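Given next are the chains, with one letter for each unit.
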Amino acid sequence: MYEIDDWEFETLAVRAGHQRTLEGEHAEAIFPTSSFVFASAAEAASRFGGTEPGNIYSRMTNPTVRYFQERLAALEGGESCVATSSGMSAVLAVMLAFLKAGDHLICSNSVFGTTTVLLQNYIQKFGVQVSFVSLTDLSAWEQALQGNTRLLFAETPSNPLTEIVDIGALADLAHRNNSLLVIDNCFCTPALQRPLELGADIIVHSATKYLDGQGRALGGAVVGDAERVGKDVFGVLRSGGVAMSPFNAWIFLKGLETLKIRMQAHCQQALILAQWLSDQPDIERVYYPGLPSHPQHELAKKQQSDFGGVVSFVVKGGQEAAWRVIDNTRMLSITANLGDTRSTITHPATTTHSRLTAEQRAVVGIDDGLIRVSVGLEAVADIQRDLKRGLDN
Ligand SMILES: *Cc1c(COP(=O)(O)O)cnc(C)c1O
């Protein structure tokens, strides 16, 4: 039919994975069916036995979900993709697939808050030891390694401070210890960063963010090689039931088609905003990997094709000043979500990071005056005007 090995990213994003039915539909069909019918008892037996390929039940496979899986796998350069009901269920499926009681896991202390809670409150309950280390401190990762360390988990760039770790160096550490490196690629997406090519073993995604990009649906994915993802993670999906709905898969297929041009626009706008914020007298500090002042600016240039759509900054005057900026916006959405066409604004200290104590927040660098903006696709001038109102007060 086609040779997807020959296609560039942009082409894969709009064409990979789709298999037209006999109806000849141009856009992908949605298959809202829980189960599939067999031609005979013998066919049912061979599908269940795995000797013949084909659909059985939508918890395991569904054509629309498969289109999405194949498209995202192609974009990440992975052999296999398993789509899940949310980003968190993708993380959960990885933990269930690769960890058992007595194993050890190292995670960066700046991952998505719910990932931390999942590991501390639930995964540890099953006898898995969990250590948290500073994302950017490679010697801390190395020191935390143990004989039973099975998995290293990192998110880069991190939320909300956009810290970056060298994926290749971390993969080397993991592999020397016979451990797997899992990267949450939610912030960059494959349009900006391809962790498998840099040495990571497994990628997890919250499709809810940039892959959809328009704030419409919850979903996630795990990408990697055929053995680990196609068999091991798929086994968790089959028995654990964290499947993506075909309706959501269709939304994500549409999202992937515009992923690259959206990410380019998010990055362009974020850089302009970060530079403008740096010039504002009421702002103490700006966190954006595209600024030369960012501690991992050079690494970001090497590892990513652009710097992403999230900009964080500290306003002078602590929480009161930060809340004043947020409450004076009229357009930006006050929400913890990110990766949307609409810009969002968040005060991490009192929302996403409010479960940490003040001391813990100080350790990870979450200042009371810190504001995170996920830069959307509105005109930058309008975003600036909206922020300026609170800064000028
Ligand atoms: C949102 C998010 C998740 C969780 O995804 P859900 O789809 O909300 O379950 C995981 N990792 C990162 C980096 C996120 O931003």
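Residues numbered from 1 in each chain as written. Predicted model: local features only at pLDDT ≥ 70, side-chain atom pairs only at ≥ 80, totals over all residues. Heavy atoms only, no water.

Engineer: Looking at this model, I keep getting lost on the domain arrangement of the protein. Mind explaining?
Structural biologist: Per the domain assignment, the segments of the protein are domain 1 (4-30 + 62-257) and domain 2 (261-391). Taken together, the contacts link 30 residues of domain 1 with 35 residues of domain 2. For the pair domain 1 and domain 2, the number of links is zero salt bridges. Our enumeration of links across domain 1 and domain 2 arrives at 14 residue pairs in polar contact (both at pLDDT 80 or more). Mapped onto the side of domain 1 that touches domain 2, the elements with two or more residues apiece are helix 5 (113-123) and helix 8 (189-192). The element best represented in the side of domain 1 that touches domain 2 is helix 8, accounting for three residues. (Domains from an automatic or database assignment. Contact = heavy atoms within 4.5 Å. Salt bridge = Lys/Arg side-chain N within 4 Å of Asp/Glu carboxyl O. Polar contact = N/O pair within 3.5 Å; in protein donor to acceptor, adjacent residues only side chain to side chain. Helix = DSSP H or I, 4+ residues; strand = E, 2+ residues; numbered from the N terminus.)

Engineer: Any chance you could explain empty space enclosed by the protein here in plain terms?
Structural biologist: Rolled over the atoms, a probe sized like a water molecule indicates the empty space that remains. By the definition in use, this model includes two cavities of 30 Å³ or more. Computed from the structure, the largest cavity encloses a volume of approximately 70 Å³. The wall of the largest cavity is formed by S58, R59, M60, T61, N62, V65, R66, Q69, A83, L237, A243 and M244. Per-element tally for the lining of the largest cavity: the top contributor is helix 3 (residues 63-76), with three residues. For the lining of the largest cavity, a count of residues per class yields six nonpolar, four polar and two charged. Size it by volume and the second largest cavity reaches roughly 50 Å³. The wall of the second largest cavity is formed by P157, T162, F187, P289, F307, G308, G309 and V310. The residue inventory of the lining of the second largest cavity, partitioned by class, reads five nonpolar, three polar and no charged. Looking at which domains feed residues into the lining of the second largest cavity, each of domain 1 (4-30 + 62-257) and domain 2 (261-391) gives three or more. (1 Å grid on protein atoms, 1.4 Å probe; cavity = no way out; pocket = protein on both sides within 12 Å on 5 of 7 lines; lining within 4 Å. Points joined across faces, edges and corners; volume = space filled by probe spheres on them. Nonpolar A, V, L, I, M, F, W, Y, C, P; charged D, E, K, R; others polar.)

Engineer: Is there a simple way to think about the sheet that holds strand 10 (residues 333-334) in this case?
Structural biologist: Within a sheet, adjacent strands bond to each other through the backbone by hydrogen bonds, running parallel or antiparallel. One open sheet accounts for five strands, arranged 8-9-12-11-10; its pairing is mixed. In the strand order of this sheet, the two ends are held by strand 8 (283-287) and strand 10, each with one partner. Two strands pair when backbone bridges link them, and strand 11 (residues 344-346) and strand 12 (residues 370-374) are joined in this way by three bridges, in the antiparallel orientation. If you follow T346 over to strand 12, its bridge partner there is R372. (Pairing = 2+ DSSP bridges.)

Engineer: Hey, could you run me through the pairing of strand 9 (residues 310-315) in this one?
Structural biologist: Walk down a regular strand and you will see the side chains alternate between the two sheet faces. Of all six residues in strand 9, six are buried; the element is thus mostly enclosed. Residue alternation in strand 9 divides its side chains into two sets, V310, S312 and V314 and V311, F313 and V315, and both sets are buried. The sheet contact formed by strand 8 and strand 9 spans four bridges and is antiparallel. Its bridge partner being in strand 9, Y287 is matched across the sheet by S312. Where strand 9 and strand 12 come together, five bridges link them in antiparallel fashion. Each residue of the ladder has a partner; that of V310, found in strand 12, is S374. (Buried < 20%, exposed > 50% of the residue type's maximum accessible area, 1.4 Å probe, protein only.)

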